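Report on the structure
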Amino acid sequence: KIREGGTGCSSFFPPGVLGALGESCHPRGARACTGGAMASALSRMDSDANSESGSAATGKAATGVKALKETKLKKHPALTEHVRNSRLGKELLGHVVFLVIFSIVTIVPVDDPHYEAFSFSMRSMFLHEDNLLHNANASFAGPRFVDVNTVSAFWKWARGPFLHTVYMEDWYKGSPWTVGDQGLIAGSNLVIGTVNLRQKRVKRGTCVVPEDFLGAKDLTDCIADFSPAVEDTDAFGPFFTEPEWATAFAYAPAWHAFHGSLRAYSPGGFALEFPAAKCTRKNETLPCITQASSILTDLESTGWIDYRTRAVTVEVAVYNPPLNRYALIQAVLEMPSSGGILPFAQVRTAKLIRYATTGDFALLGLELALILLVVFDVLEKAVFYRRFNVKIKDHKWDIADTFMHASFLVSVGCRVNALSVYASLNLDPSVRVHYDLDASFYWSGVADGAAGWVAWLVWFRCFKFLHEFSWAKLILDTLAKAAAPLLGLCLSGVVILLAFAHVGLVAFGSQIYDLRSMGVAVASCFRFIFSGMRYEEFRVAGTFLGPIYYIAFKVWMVLIYVRFFVAVIIDAYRQVMNETRNRWTLSFPPLEALSKDFSLWWYERRQRGKQKPPSWSVADSSGEPKTLSGKGLKAAEAEAKAAEQGLTELDAREMYQVLQERVKGLQEHMDTRISTIEKMFVTTVAPLVETLDILVRQQTENAALAAVRAVNK
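Computed from a predicted model, the values in this text were never measured in an experiment.

**Looking at the overall build of the chain**
- Helices and strands together make up the secondary structure of the chain, namely 18 helices and 12 strands.
- Within the chain, buried positions represent 36% of all 713 residues.
- Pairs at least 24 residues apart make up 65% of the contacts formed inside the chain by residues separated by at least 6 positions.
- Counting only carbon and sulfur atoms, one obtains 63% of the accessible surface of the chain, whose full area is about 41300 Å².

Below is the structure:
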C-alpha cells in the first residue's frame, strides 16, 4: 500500500525496479521520478536482467524494465477518469463565463419596455386610430386601417388618418407645430426619406373561362390572382406630365418585395413617393399634407386602383433618437379574385445603428470576447484530441459543441452583414429620397433570430455538465432511455396528424378558416391537441362527417396518443430508478476533480516557495545557483520535469485512491451481508439448535430412566 507521506514507489514498482531507482523517488509516485534516475535505472536494470536471469527477483525486474520502456516510448498518454472529469470542470468554468457574457450581449440591447411601447405607438397611430384624439379638425378623421373593407374606405384612410399621422400640424389638440417640427411624428420620431405608395397589377386574360360561360355577355375579361408569371408591367393611366405623377402609372422594377396575409409579392411595382418635409410646387413652398392630399385625390379620380389591382402597400420609415431605433410601417391592402379587401399591417423595429454610445462599444468588446472564447474552446478540443489520440465521434457532446460554435459564427456573420447593408445606404436624413431599409430590417431580423437560436444551444449545453450531477443525471438518463420509443411514437403521430389534416382540408377546407390550406391545416391540427377545436364549427361544416371528425380526433390524439407519451416516459423512469443504486447521493465529479487539481497546484506552489537550492548546487558570481555540471538550476529542473512528463500521465496515488474506495465499498457490502447472516443465525438458527439440544437431552434422560427401571424389575 502507498502510505500518506511515504515513498510512494514501493507498491507502484517491482522490488528490482525500486532498488534500481534508489532514493530518487518522490512521494507522489511514478510521475515524480526524475529523468536522470529513470535513465540510470533503466541501464542498471538491463545489465541486471542479462546477468541474473535465473532468479525470481531478476524476472520481476525484467518485467518492470519492459513496462517502463513501453511507458517511456508511449506516444499518447492515457485518458483517465480524473483527466476527463478535470477537463469537464474546466469546460464548465469556461461555459459559465461564456453564458454570462452572451446573456449580457443579447439581453441588454433589447431589455427595455420602451422598445415595445415604440412599436405599439407606431401601430396605434398608423393603423388603429382614427386620429380624432390627435386633431380637432374633423377633415382628417376617417376609418381605421384595420376596418378598411372597400377601395373608397382606403382612400379616406389614406387622406385622413394616415396623412395626418405623417404630417402632423398640431400637438394633439393643443398648440400648432412650428416650421422646424415638420417631418416629425408625435414630436420625437423623424420620418426617414419619403413616404411611398405602390401597387401590383395583373395582366388581362390571365385565367381560363369554362366553355359554359364563354357566351356570357357580362363576363368580358378574366383576371387571375397575382403571381410573377401574370404580373402586368406595362404603363397605364392618363400619363400626367407633372413631376409628382411621373412614376404613378409607370412600372419601376427597383422597389423591394413585400408580403401580405395571402402571399408574398415580387419586387417592383407602380409607385409614387411623397416627401416628408420641405414640399414645393412651381418654386413655391407649401404644406406637404396639402400636396399629398391633392395627389391622392387625383389618383382616386383617375382610377389608379382598378379591377386589375391585386395589392396596394403604403410604407413609411421613422427613426426615434432617444431610443436609437428605426421603425418600418407597412400597410398592405390585398384584393384577391374572390372579392373583398383584406387589410394586413406590419410594424418592424430594429437597432440599425448598433454602436453609438459608450455602452454600445462596451458591448462590442464583450462580443469580441465571445469570439475569443469560442476560438479558445476550439483550440482546446483540437489539442485534447491530438494529445490523447481520441476521435470526436466518441464524444457526442463535443459534436454538439461544434454545432453551437458554428451557429454562433453564423449569427456573427449575419450581424456583420446587417451592419454592412445599412452602411451601404449612406443614409442622410437631410436628403429627401427613398432609402431601401427593408433589406437592413430583414438582415437585422435574421441576425436576431440566429442569436436566439444560439441562446437556445448555449442553454442546452448546460445539460452536458448536469449529466455529471448525480441528482440531475436520473432525469437525463430517463430522457435518453425514452428517446428511441418517443422517436417512433413521434413518427407515427406525424402520420396520423397528416391524415387528419388531409381529411380536414378536403372535407372542410372551404368552410373552416383553420383548415384553409394544407400547411395551415397541419399547424391547426397540432394546436387542436391542446385547445382551439370548436365542436359547433365542425357540426355546421358537415352535419354527419363533422361530428365524426371531431370525436375521432379527440379520441385518437388527445385521449390515446398523449397518454402514450406519458406512459413511455414513466416506464423509462422506472427502469432508470431500478438500475441506479445510491440514487440520491450528492456528487459532481467535474467539480471534485477541479478542486483536487487546484489543491494540488496550491500545495506544490507552497512547497516550491519553501524549497532551498540543493546541496549539490553551486552559485556563480551573479548569485544564480548552478549544478556541478555547470547548468543552471532552473534549466536542470525544467529538463527533469520534461523527462517526468514523458513517462506517463497515470498517478499511482489516484489509482490507489480509486482502488481504496472500491475496496472500502466492498468491505461495507461484505460487512452488511455478514451482519445480516449473524442476525439470521441469532434469530432463527440459534433458537432451533437450543430446542434440538433440549429435545435430545430429554430423550436421553427418558431412555436412561427406562433402562434403570428395566434393570430394577
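On we go from here.
**Details of helix α10 (residues 438–460)**
- Between its terminal C-alpha atoms α10 stretches 33 Å, which fits the 33 Å expected from 23 residues at 1.5 Å a residue.
- For α10, every residue scored as buried is listed here: Asp438, Ser440, Phe441, Ser444, Ala447, Ala450, Ala451, Val454, Leu457 and Val458.
- Where α10 is buried, its residues contact α4 (81–107), β9 (325–334), β10 (342–350), α9 (396–423) and α11 (462–466).

**Thoughts on the nonpolar core**
- Core analysis: the largest hydrophobic core is formed by 50 residues, its most contacted members being Met122, Phe154, Leu299 and Trp304.
- Elements with a minimum of two residues in this core: α5 (113–127), α6 (151–166), β2 (189–201), β5 (270–275), α7 (288–301), β8 (309–320) and β9.
- When residues in this core are grouped by element, the largest group, eight residues, is from α6.
- Core analysis: the next-biggest nonpolar cluster, separate from the first, contains 17 residues, Ala501, Ala541, Tyr550 and Phe553 among them.

**Thoughts on the side chain of histidine 256**
- By the element assignment, histidine 256 lies in the loop between β2 and β3 (258–259).
- Of the residues examined, histidine 256 reaches a relative accessible area of 8% and is grouped as buried.
- If we ignore the near neighbours within four places in the chain, the residues touching histidine 256 are Arg198, Pro267, Glu315, Gln330, Asp436 and Asp438.

**Looking at the side chain of aspartate 398**
- Summarising the element assignment, aspartate 398 is placed in helix α9.
- With sequence-adjacent residues up to four places away left out, aspartate 398 is seen in contact with Arg87, Glu91, Lys381, Tyr385, Ile392 and Lys464.

**Describing the pattern of salt bridges**
- Using the criterion set out here, one finds 27 salt bridges in the structure.
- Note that aspartate 147 and arginine 144 form a salt bridge whose closest N and O atoms lie 2.9 Å from each other.
- Across the salt bridge formed by lysine 464 and aspartate 398, the nearest N and O atoms sit 3.2 Å from each other. Taken as a pair, lysine 464 in helix α11 and aspartate 398 in helix α9 lie far apart in primary sequence, 66 residues in all. Across the pair, exposure class does not vary: lysine 464 and aspartate 398 are buried alike.
- Put simply, Arg87, Glu91, Asp377, Glu380, Lys381, Asp398, Asp401, Arg461 and Lys464 are held in one network by salt bridges that share partners.

**With respect to the confidence of the model for the chain**
- Put simply, the chain has an average pLDDT of 78, and 73% of its residues get 70 or more.
- Per-residue pLDDT stays below 50 along residues 45–58; that stretch engages in 13 contacts with residues further than four places along the chain or on separate chains.
- Of the regions scoring below 50 in pLDDT, residues 172–176 engages in 11 contacts with residues more than four places distant in sequence or in other chains.

**Here we look at empty space enclosed by the protein**
- On inspection of all chains with the given rule, the structure shows four cavities of 30 Å³ or more.
- Estimated volume of the largest cavity: approximately 70 Å³.
- What lines the largest cavity is Ile192, Gly193, Thr194, Asn196, Glu315, Val316, Ala317, Leu328, His434, Tyr435 and Leu437.
- Secondary structure elements with two or more residues in the lining of the largest cavity: β2 and β8.
- For the lining of the largest cavity, the leading source of residues is β2, giving four residues.
- Of the voids in this model, the second largest cavity is the one considered here, and its volume is about 50 Å³.
- The wall of the second largest cavity is formed by Lys351, Leu352, Arg415, Ala418, Leu419, Ser440 and Ser444.
- Residue assignment for the lining of the second largest cavity shows that the elements contributing at least two residues are α9 and α10.
- In terms of residue count, α9 provides more of the lining of the second largest cavity than any other element does, three residues in total.

**What to know about unusual backbone geometry**
- Positive phi is not limited to glycine here, since asparagine 324 has a value of about 55 degrees.
- The exposure class of asparagine 324 is buried, given its relative accessible area of 11%.
- Although it is not a glycine, asparagine 426 adopts a positive phi angle of roughly 50 degrees.
- Residue class for asparagine 426 comes out exposed when judged on its relative accessible area of 62%.

**A word on the pairing of β9**
- A large share of β9 lies buried, amounting to 10 of its 10 residues.
- The side-chain alternation of β9 yields two buried faces, one formed by Arg325, Ala327, Ile329, Ala331 and Leu333 and the other by Tyr326, Leu328, Gln330, Val332 and Glu334.
- Here β8 hands over to β9 after four residues, with asparagine 324 in that stretch at a positive phi of 55 degrees.

**A few points about the environment of aspartate 147**
- By secondary structure assignment, the location of aspartate 147 is in the loop between α5 and α6.
- What makes aspartate 147 partly exposed here is its relative accessible area of 40%.
- Separated by 20 residues in the primary sequence, aspartate 147 and leucine 127 have C-alpha atoms spaced 9.2 Å apart.
- A polar side-chain atom of aspartate 147 sits 2.9 Å from a polar atom in the side chain of arginine 144.

**Thoughts on the packing of aromatic side chains**
- Summed over the entire model, instances satisfying the criterion amount to 35 aromatic pairs.
- Plain terms: the ring middles of phenylalanine 98 and phenylalanine 102 are 6.0 Å apart, the flat faces sit at 10 degrees to each other, and that makes the pair stacked. Taken together, the residues phenylalanine 98 and phenylalanine 102, both in helix α4 and four residues apart, mark about one turn of the helix.
- Owing to a relative accessible area of 5%, phenylalanine 98 belongs among the buried residues under this scheme.
- Note on phenylalanine 102: relative accessible area 5%, which makes it buried.
- One aromatic cluster is present, formed by Phe126, Phe145, Phe154, Trp155, Trp157 and Phe162 through successive ring pairs.
- In this structure, arginine 87 is placed above the aromatic ring of phenylalanine 384, and the distance from its NZ or CZ to the ring centre is 3.9 Å.
- In this structure, arginine 516 packs its charged tip against the face of tyrosine 513, placed 3.9 Å from the ring centre.

**A closer look at the pairing of β2**
- With 12 of its 13 residues buried, β2 lies for the most part within the structure.
- Examined bridge by bridge, β2 and β5 share six bridges and lie antiparallel to one another. Its bridge partner being in β5, leucine 197 is matched across the sheet by leucine 272.

**Some remarks on a nonpolar patch on the surface**
- Residues Phe403, Trp453, Trp456, Phe460, Phe463 and Leu466 make up a contiguous nonpolar surface patch of roughly 640 Å² in combined accessible area.
- Of all elements in the fold, only α10 and α11 reach the threshold of two or more residues within the nonpolar patch.
- Per element, the largest residue contribution to the nonpolar patch is three residues, and it comes from α10.
- Tracing the backbone shows tryptophan 453 in helix α10.
- Judged by its relative accessible area of 42%, tryptophan 453 is partly exposed.

About the criteria used
- Residues numbered from 1 in each chain as written.
- Predicted model: local features only at pLDDT ≥ 70, side-chain atom pairs only at ≥ 80, totals over all residues.
- Heavy atoms only, no water.
- Helix = DSSP H or I, 4+ residues; strand = E, 2+ residues; numbered from the N terminus.
- Buried < 20%, exposed > 50% of the residue type's maximum accessible area, 1.4 Å probe, protein only.
- Contact = heavy atoms within 4.5 Å.
- Areas by Shrake-Rupley, 256 points an atom, 1.4 Å probe, with all protein chains shown as cover.
- Expected span 1.5 Å × (residues − 1).
- Core = buried A, V, L, I, M, F, W, Y, C linked by side-chain atoms within 4.5 Å.
- Salt bridge = Lys/Arg side-chain N within 4 Å of Asp/Glu carboxyl O.
- pLDDT = per-residue confidence, 0-100.
- 1 Å grid on protein atoms, 1.4 Å probe; cavity = no way out; pocket = protein on both sides within 12 Å on 5 of 7 lines; lining within 4 Å.
- Points joined across faces, edges and corners; volume = space filled by probe spheres on them.
- Pairing = 2+ DSSP bridges.
- Polar contact = N/O pair within 3.5 Å; in protein donor to acceptor, adjacent residues only side chain to side chain.
- Phe/Tyr/Trp six-rings, centres within 6.5 Å; stacked < 30°, edge-to-face > 60°.
- Lys NZ or Arg CZ within 6 Å of the ring centre and 35° of its normal.
- Patch = residues over 30% accessible without salt bridge, like charges linked within 9 Å, V, L, I, M, F, W, Y side chains within 5 Å.

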